[in-house]
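The residues making up each chain are set out below.
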Amino acid sequence: MHVKNKTPRRIICISVVFIAVCFIYILKMVNIRINAEPAAEDDGTYTRTVAIQAVRGEIYDKNGKKLVSNDYSYNMVFDYEAMSADRYERNLALLKAVNALNDTGNSSKRAESSFPFIGTYPDYSYSDAAKDTDSNIYYRLLKRIAADELEEDSPKNKNELTATYLEGFYKDYPEQFPKEDEIVAYFIERYELDIKDDDGNMLFSDEEIDILLRVLYDMEVEDFSAFNQYVFASDVDLEFITYVKEMNIVGADFTVDVSRVYNYPGYASHILGRTGPIYAEDWEYYNELGYEMDAVVGLDGCEYAFEQYLRGVDGVMVIKEDKDGNIIDKYVETEPVPGKDIYLTIDIDVQIAAEEGLKENIDYVNKTYGADSESGAIVAINPNDGSIIAIASYPTFDLSTYNRDYSELSKNPANPLYNRALDGLYTPGSVFKLGMVAAGIDSGTITAQTKLNCDGIYTYYPDYQPKCWVYDSVSSPIHKHGMINATEAIKVSCNCFFYELGRVMGIDLMNDYCKRYGLGSVTGIELSEKRGILAGPEYRELNGLTAWMPGNTISAAIGQSDNNFTPIQLSVYVSTLLNGGTRYSAHLLSQVRSYNSEVIYTREAEVLDNLEFGKEITDPIMEGMRQMIESSSSVSYYMRNIPVTVGGKSGTAELGGNTRENGLFVCAAPYNAPEIIVTSVVEHAGSGSYAALAAARLLEEYFSPETAEETTS
């Protein structure tokens, strides 16, 4: 069926390659979509416009490592308006296209997914999928039959169609469903495949009818129309493009399909996000912004948060055709503008270390301490500007296989799609004590030298006398801490010290400081996050809970009661304490750059509050955190390979009943001039120190010579 053009093939190949290169350069590797109906001219030609979809911007880490890029592939499409109006000529064009695929070794690229029969014409039988009333192939076949029988006002959606026919004529399917030869005869007549020449001979062979039935049926179920091009073949090679151009198949064209590529598959999945078509419920919003209905947008994560930058501006191409559908002129009226690239604050190498360290930590506590943990989170932040260095949640997933894995992921009881770093709420436990020291000193309630007594049991209230953790500890030879100051109280995590400090300060003063630390407030990160819960009378009253009592105040002072915060919130809180009282907005965006890497926008640090803490406040806290790690054999062992001195604080969050406690650990490095703050959470670890291994792995990478060199370059 293929007739060679008389033009030398070599010249054609060179020409096609040249045109393809120009096409790539001019359109910046974009998709072309139908945008307007053709308008008839006086000379019998038709002019129409198509939208040239701008390429989406890419995503990089702080050091310029590409995290999300675009992959380009060529698709062969048929344009409804460009095809011949004569059915026979259309069918010949389709046969030429199929032969071109076979001749160039691209037959596997053929897009066909809905044909309801197995076998070859005329010996067809229904496939198993066509007999499955829950399958799309069955539904599409039913819809094709229904289209010939239903009135215009009859049900059109899948459920209504299926219900109508299963309850009616087809309730005894497949016994009363049309026989194969009946439905095939219907489609042959519908597609005009039974036409004959003047001598009564069939113009198409059985093999050709088989090919055309498959193609035409697929075109119909894909709603091929003036408003919807039909993708005939996907990801075709240059040889095929050259071959088709040489054959001059009327109605055939090539588009560029752009898909997102995740260059570090399985990492940073909770924050990078996905792209996809506009959801129906969001169409009004995007329509007002000038989006086409079939536009690809960010659905979540950074793809959604930075849509305004990543999105490009579509261009317009004008196409002029003669009355037979041949293109006689084509030009770009408006050039597409590529989307901008965004550079995040995260360091992908530190991010990978965080995710792998979190998994290692969870596996370790389960094996070593008999924990039953299967989830956790970790966040690293620069305390001097609020930029996120790493942020991870476990279990996680792979964005590159998200669609394929979604069913399994959504059923997983560990909920890998849940971002615990931003949405997980955890009782902070003793991590809260750091803020109590700062509030106590700044308010004048205590000084760094003030000593409070711990007898193991807090006896101020006759009806509520909570114990210090050391009182019943089997690992400690003492049952009380005695007279200790703030630094010592942080080191040994004395409950009684903070019971007394909290009682004297009162809940209102405590919460005045906590609010300024950002506890119970969003951090400002560009992604969706939970606010957290700051315990106090206000929260109780707003939620209709029991009245606040004095005993609740001393419980809140050690990070218990109703206190619940996210890991990112705790990182911002500790950053505020140790950087001198400045609360910065957490953020992931570093820079926005044009396609040629020109810096268009740089995200500056945003100050949300400033308590102006002096060294009389920060030094006792830092020293207590240093001593805490030094005094813990397990934590100091984890931190042994880090080239700077680390300060930290563990927190064991009681969950009640027989549920094993969550483990929280925060740390700063270097301890006396922090440039990184890490919060690690391991659910059901049993102890705060059991969450320190993940933080250590993150810090090892952060302070490695390679990472340090990238950061300073």
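Residues numbered from 1 in each chain as written. Predicted model: local features only at pLDDT ≥ 70, side-chain atom pairs only at ≥ 80, totals over all residues. Heavy atoms only, no water.

Sheet topology places strand β6 (residues 117-120) next to strand β7 (residues 123-126); four bridges connect them, and they run antiparallel. The partner of I118 across the bridge, within β7, is S125. Hairpin connection between β6 and β7: a loop of two residues separates the two successive antiparallel strands. (Pairing = 2+ DSSP bridges. Helix = DSSP H or I, 4+ residues; strand = E, 2+ residues; numbered from the N terminus.)

Across all of its chains, the model carries 30 aromatic pairs by this definition. Each ring, one from F187 and one from Y217, has its centre 5.3 Å from the other, and the planes form 85°; the classification is edge-to-face. Separated by 30 residues along the polypeptide, F187 in helix α6 (residues 180-190) and Y217 in helix α7 (residues 206-221) bring together distant segments of the chain. An identical accessibility class is assigned to F187 and Y217; each is buried. A centroid spacing of 4.9 Å and a plane angle of 85° characterise the contact between Y702 and F703, whose relative ring orientation is edge-to-face. The residues Y702 and F703 share a single accessibility class, namely buried. One aromatic cluster is present, formed by F115, F117, Y121, Y124, Y126, Y186, F187, Y191 and Y217 through successive ring pairs. Here R311 stacks its cationic end above the ring of Y291, 3.8 Å away from the centre of that ring. The cationic tip of R503 hangs over the ring face of Y460; the distance from NZ or CZ to the ring centre is 3.8 Å. (Phe/Tyr/Trp six-rings, centres within 6.5 Å; stacked < 30°, edge-to-face > 60°. Buried < 20%, exposed > 50% of the residue type's maximum accessible area, 1.4 Å probe, protein only. Lys NZ or Arg CZ within 6 Å of the ring centre and 35° of its normal.)

Quick look at the nonpolar core now. Counting residues in each nonpolar core, the largest one holds 95 residues, and the members touching the most others are I388, F497 and Y517. Per-element accounting of this core gives the leading share, seven residues, to helix α22 (residues 567-578). What I388 contacts, discounting residues up to four positions off in sequence, is T345, I346, V379, A380, I381, I525, I568, A586, H587 and L588. Counting 47 residues, the second-largest nonpolar core is a separate cluster that includes A97, Y191, V221 and F232. (Core = buried A, V, L, I, M, F, W, Y, C linked by side-chain atoms within 4.5 Å. Contact = heavy atoms within 4.5 Å.)

For the rest of this paragraph, the subject is the environment of D562. Its location among the elements puts D562 in the loop between α21 (550-556) and α22. In the structure, D562 is positioned 26 residues away from G536 in sequence and 7.7 Å away in space, judged by C-alpha atoms. If near-sequence neighbours (up to four positions away) are discounted, D562 is found in contact with I533, A535, Y539, R540 and W548. Polar contacts involving the side chain of D562 include one to the side chain of R540, which spans 2.6 Å. (Polar contact = N/O pair within 3.5 Å; in protein donor to acceptor, adjacent residues only side chain to side chain.)

Moving on, we get to α22. With 12 residues, α22 ought to run about 16 Å at 1.5 Å a step, and its terminal C-alpha atoms sit 17 Å apart, in line with that. Counting buried positions over the 12 residues of α22 gives 12, a clear majority of the element. After α22 finishes, the residue G580 shows a positive phi value of roughly 105°. (Expected span 1.5 Å × (residues − 1).)

What follows covers helix α18 (residues 495-505). Across the 11 residues of α18, eight count as buried, placing the element largely inside the fold. All of the buried residues along α18 are N495, C496, F497, F498, Y499, L501, G502 and M505. Contact partners of the buried residues in α18: α16 (433-442), β17 (452-454), β18 (482-484), α17 (486-492), α19 (507-517) and α21. Within two residues after α18, G506 carries a phi angle of roughly 85°, on the positive side.

In this fold, T104 is placed in the loop between α2 (87-103) and β6. Residue T104 is classed as buried on the basis of its relative accessible area of 9%. Engagement of the side chain of T104 in a polar contact is seen with the side chain of N106, the distance being 3.0 Å. With residues up to four places along the chain from it excluded, the contact list for T104 reads D237, E239, F240 and Y243.

Turning our attention to the state of the cysteines. The tally for this structure, following the rule as stated, stands at zero disulfides. Considering cysteine sulfurs only, C494 is the nearest to C454, which forms no disulfide, with 3.5 Å between them. Overall, the relative accessible area of 0% leaves C454 in the buried class. (Disulfide = S-S within 2.5 Å.)

A few words now on the sheet that holds strand β15 (residues 376-381). Spatial strand order, β16-β15-β25-β24-β23: five strands in an open sheet with antiparallel pairing. Edge positions in the open sheet fall to β16 (388-394) and β23 (647-653), since each of these has one partner strand only. Averaged over all pairs of adjacent strands, the angle between their axes in this sheet comes to 10°, without regard to strand direction. Contacts from helix α25 (residues 692-702) reach β15, β16, β24 (662-669) and β25 (676-682) within the one sheet, and its direction differs from that of β25 by about 150°. (Axes fitted to C-alpha atoms, helices over the stretch in contact; angles between N-to-C directions.)

In total, this model carries 23 salt bridges according to the counting rule given. Across the pair R503 and E500 runs a salt bridge, and its minimum N-O distance is 2.9 Å. Within this pair, R503 and its partner E500 are both found in helix α18, separated by three residues, close to a single helical turn. Residue R503 is classed as partly exposed on the basis of its relative accessible area of 24%. R626 is the partner of E630 in a salt bridge, and the nearest nitrogen-oxygen pair spans 3.2 Å. Placement of the pair is E630 and R626 together in helix α23 (residues 615-631), with a separation of four residues, close to one helical turn. Residue R626 is classed as buried on the basis of its relative accessible area, which comes to 19%. (Salt bridge = Lys/Arg side-chain N within 4 Å of Asp/Glu carboxyl O.)

Look at the link from Y121 to P122: it is a cis peptide, with omega at 5°. Structurally, P122 can be placed in the loop between β6 and β7. Here A669 and P670 are connected by a cis peptide whose omega angle stands at -15°. With respect to the element layout, P670 can be found in the loop between β24 and β25. Not every positive phi belongs to a glycine, and S493 is a case in point at roughly 55°.

With that out of the way, let us pick up a negative patch on the surface. Taken together, D86, E89, E189, E192 and D194 make up a surface patch of like negative charges. For E192, the location among the structural elements is in the loop between α6 and α7. Note on E192: relative accessible area 38%, which makes it partly exposed. (Patch = residues over 30% accessible without salt bridge, like charges linked within 9 Å, V, L, I, M, F, W, Y side chains within 5 Å. Areas by Shrake-Rupley, 256 points an atom, 1.4 Å probe, with all protein chains shown as cover. Lys, Arg positive; Asp, Glu negative; His and termini not counted. Charge placed at Lys NZ, Arg CZ, Asp CG, Glu CD.)

Along the chain, A233 falls in strand β8 (residues 230-236). Note on A233: relative accessible area 0%, which makes it buried. Spatially, the C-alpha atom of A233 lies 9.6 Å from that of F254, the residues being 21 residues apart in sequence. In contact with A233, not counting residues within four places along its chain, are N75, M76, L101, K109, R110 and A111.

Turning to the packing of helix α13 (residues 348-369) against α25, a few remarks are in order. Packing of α13 against α25 brings their axes to within 7 Å, and their N-to-C directions diverge by 155°. As the angle between them shows, α13 and α25 are arranged roughly antiparallel. The handedness of the crossing between α13 and α25 is right-handed. Residue-level inspection shows D349, V350, A353, A354, G357, L358, E360, N361 and Y364 of α13 in contact with α25, the latter providing A692, L693, A694, R697, L698, E701 and Y702. Split into classes, the residues belonging to the contact of α13 with α25 amount to 10 nonpolar, two polar and four charged. (Parallel < 35°, antiparallel > 145°, perpendicular 65-115°, else oblique. Left-handed = near helix turned anticlockwise from the far one by under 90°. Nonpolar A, V, L, I, M, F, W, Y, C, P; charged D, E, K, R; others polar.)

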